[in-house]
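Descriptive structure summary
Residues per chain, in single letters:
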Amino acid sequence: MAAPAAVELTTYISTRLNDYDSESDTSGSKGDVVVIGDRSGTTSEQRPLIRATTTTSDSFGGCELNDFEDAAFSRVIREAERAIDSGILPQIIYQGSSGSYFVKNPERDTIGVFKPKNEEPYGQLNPKWTKWLHKICCPCCFGRSCLIPNQGYMSEAGASLVDQKLGLNIVPKTKIVYLAADTFNYTFQDRCAMRMRRFATEQWPDSVGKRVNAGLPKKVGSFQTFVKGHRDAEEVLREISSDPLPPHLQKELQLQFEKLVVLDYIIRNTDRGNDNWLVKYQRPQTEVDTTDTGVGGANLAALVTYVIVPLAHPGWRQSVDSSKF
């Protein structure tokens, strides 16, 4: 049976994701979008992590998309949107099993990593052909049965939320964001519709053009801020094994690693290797006094993927019926 802390985490994240306003306006027709009520009377704890649906416009239910209470994170997203509008498009990351993209700012500096929902390993628009081949040829061996399909982007945002609530501060800030870019993987129908809308807006800008969005539909996914100056743990561990750190840096790095262990236990991370956590450290300028904790420093960044909060133990010998949870 799952650990009590893990069960509480699953319940907490589910509550945050499904805590929508019960007084939504549903007076529209069957094809209308449900309108979320006014958020002015709710606290940050009561607001959902994600809107009820995606949309091609820049607002939903009277609320702006990508509207966050965190001013610093909002600035990062605004920079990403301005860069996309000016032609600086996100670049696909070829490593990994899902569609993920380096997002840049107008100065072409990498500011984050965006992972669309429909490009996850279970998603219909996953651009990695090896995963598509794996899914078609070996469906019985594809993925992990202990994970909820196509919910990785919410799990990543939830892990960042748990990290903030516990005060660990080792997970780069991650939130659910809506972005659209030509480099994302879209269906042929979406691209054809975009061309038709663009043609209509160019031909009739004063009539049809005012009521039609000529761009591609926005994709919902997780956006994780980019950490600078960090290196892969594998590289750092090899380096410090041959050239040990001063005692105070060893203690500081050990404390950071213990925080990582605590976080992984609570969120039930099923995939923590040396390729998905980063280390940044600075050796003291002089070796005269290596006991001064104010000299040098060490920091750790935990990169959380979609393989967290499983319904059961990932080991087939220890797996249980997920309906018990």
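Right, let's walk through the structure included here. Owing to the predicted nature of the structure, the values given are computational and were not obtained by experimental measurement. (Residues numbered from 1 in each chain as written. Predicted model: local features only at pLDDT ≥ 70, side-chain atom pairs only at ≥ 80, totals over all residues. Heavy atoms only, no water.)

1. Considering the overall build of the protein
When its secondary structure is counted, the protein shows 7 helices and 10 strands. Every one of the 325 residues in the protein was classed for burial, and the buried ones make up 39%. For the protein, long-range pairs separated by at least 24 residues make up 68% of all intrachain contacts whose partners lie at least 6 apart in sequence. Surface accessibility of the protein: about 18,400 Å² in total, with carbon and sulfur atoms responsible for 53%. (Helix = DSSP H or I, 4+ residues; strand = E, 2+ residues; numbered from the N terminus. Buried < 20%, exposed > 50% of the residue type's maximum accessible area, 1.4 Å probe, protein only. Contact = heavy atoms within 4.5 Å. Areas by Shrake-Rupley, 256 points an atom, 1.4 Å probe, with all protein chains shown as cover.)

2. What about a nonpolar patch on the surface?
Together, Trp-129, Trp-132, Leu-133 and Ile-136 make up an exposed nonpolar region whose accessible area comes to about 500 Å². Mapped onto the elements, Ile-136 comes out in helix α3 (residues 129–137). (Patch = residues over 30% accessible without salt bridge, like charges linked within 9 Å, V, L, I, M, F, W, Y side chains within 5 Å. Salt bridge = Lys/Arg side-chain N within 4 Å of Asp/Glu carboxyl O.)

3. What to know about the sheet that holds strand β9 (residues 277–282)
Spatial ordering of the open sheet is given by β8-β9-β10, a layout of 3 strands whose pairing is antiparallel. What marks the edges here is a single partner per strand, and that holds for β8 (231–232) and β10 (297–302). By the bridge criterion, 6 bridges tie β9 to β10 in an arrangement that is antiparallel. Bridge assignment links Gln-282 to a residue of β10, and that residue is Gly-297. Taken strand by strand, helix α7 (residues 247–267) contacts β9 and β10, and its axis lies near 15° from that of β10. (Pairing = 2+ DSSP bridges. Axes fitted to C-alpha atoms, helices over the stretch in contact; angles between N-to-C directions.)

4. Remarks on unusual backbone geometry
A negative phi angle is the norm for most residues apart from glycine, just as the trans form is the norm for most peptide bonds. One non-glycine residue, Asn-169, lies in positive phi territory at about 60°. Examined against the element boundaries, Asn-169 turns out to sit in the loop between α4 (152–166) and β6 (174–179). A positive phi angle, close to 55°, is found at Arg-268, a residue other than glycine. Of note, Arg-268 is situated in the loop between α7 and β9. When its relative accessible area of 18% is taken as the criterion, Arg-268 is described as buried.

5. What to know about the sheet that holds strand β3 (residues 91–92)
Spatial strand order, β3-β4-β5-β7-β6: 5 strands in an open sheet with antiparallel pairing. In this open sheet, the two strands that pair with only one neighbour each are β3 and β6. Sheet analysis places β6 next to strand β7 (residues 219–225), joined by 6 bridges and oriented antiparallel. Across the sheet, Tyr-178 pairs through a bridge with Val-220, a residue of β7. Packed on one face of the sheet, helix α2 (residues 71–85) meets β4 (101–104), β5 (110–116), β6 and β7 and runs near 30° to β6. Sheet strands touched by α4: β5, β6 and β7. Its angle to β6, the strand with the most contacts, is close to 140°.

6. As for the packing of aromatic side chains
The geometry of an aromatic ring pair is captured by the separation of the ring centres together with the interplanar angle, meaning the angle of the planes. Scanning the entire structure with this criterion turns up 6 aromatic pairs. Ring geometry for Phe-102 against Phe-226: centres 6.2 Å apart, planes inclined by 85°, an arrangement best described as edge-to-face. Here the residue Phe-102 occupies a position in strand β4, and Phe-226 occupies one in the loop between β7 and β8, the gap between them amounting to 124 residues. Note on Phe-114 and Phe-184: the rings are 5.4 Å apart at their centroids and 35° apart in plane angle, and the pair reads as tilted. Remark: Phe-184 occurs in the loop between β6 and α5 (188–203) and Phe-114 occurs in strand β5; sequence separation between them is 70 residues. Per residue, the accessibility class of Phe-114 equals that of Phe-184, and both read buried. For Lys-219, the ring lying beneath its charged end belongs to Tyr-186, and the centroid distance is 4.7 Å. (Phe/Tyr/Trp six-rings, centres within 6.5 Å; stacked < 30°, edge-to-face > 60°. Lys NZ or Arg CZ within 6 Å of the ring centre and 35° of its normal.)

7. Details of the side chain of Lys-128
By the element assignment, Lys-128 lies in the loop between β5 and α3. Despite its burial, Lys-128 pairs with no opposite charge; the closest candidate is Glu-119, at 8.1 Å N-O. Ignoring any residue separated from it by four or fewer positions in sequence, one finds Lys-128 in contact with Ile-92, Ile-93, Tyr-94, Gln-95, Gly-96, Ser-97 and Ser-98. (Lys, Arg positive; Asp, Glu negative; His and termini not counted.)

8. Notes on the pairing of β9
Look at any regular strand and the pattern is simple: side chains alternate between the two faces of the sheet. Sheet topology note: the β8/β9 ladder contains 2 bridges and is antiparallel. Each residue of the ladder has a partner; that of Asp-232, found in β9, is Leu-278.

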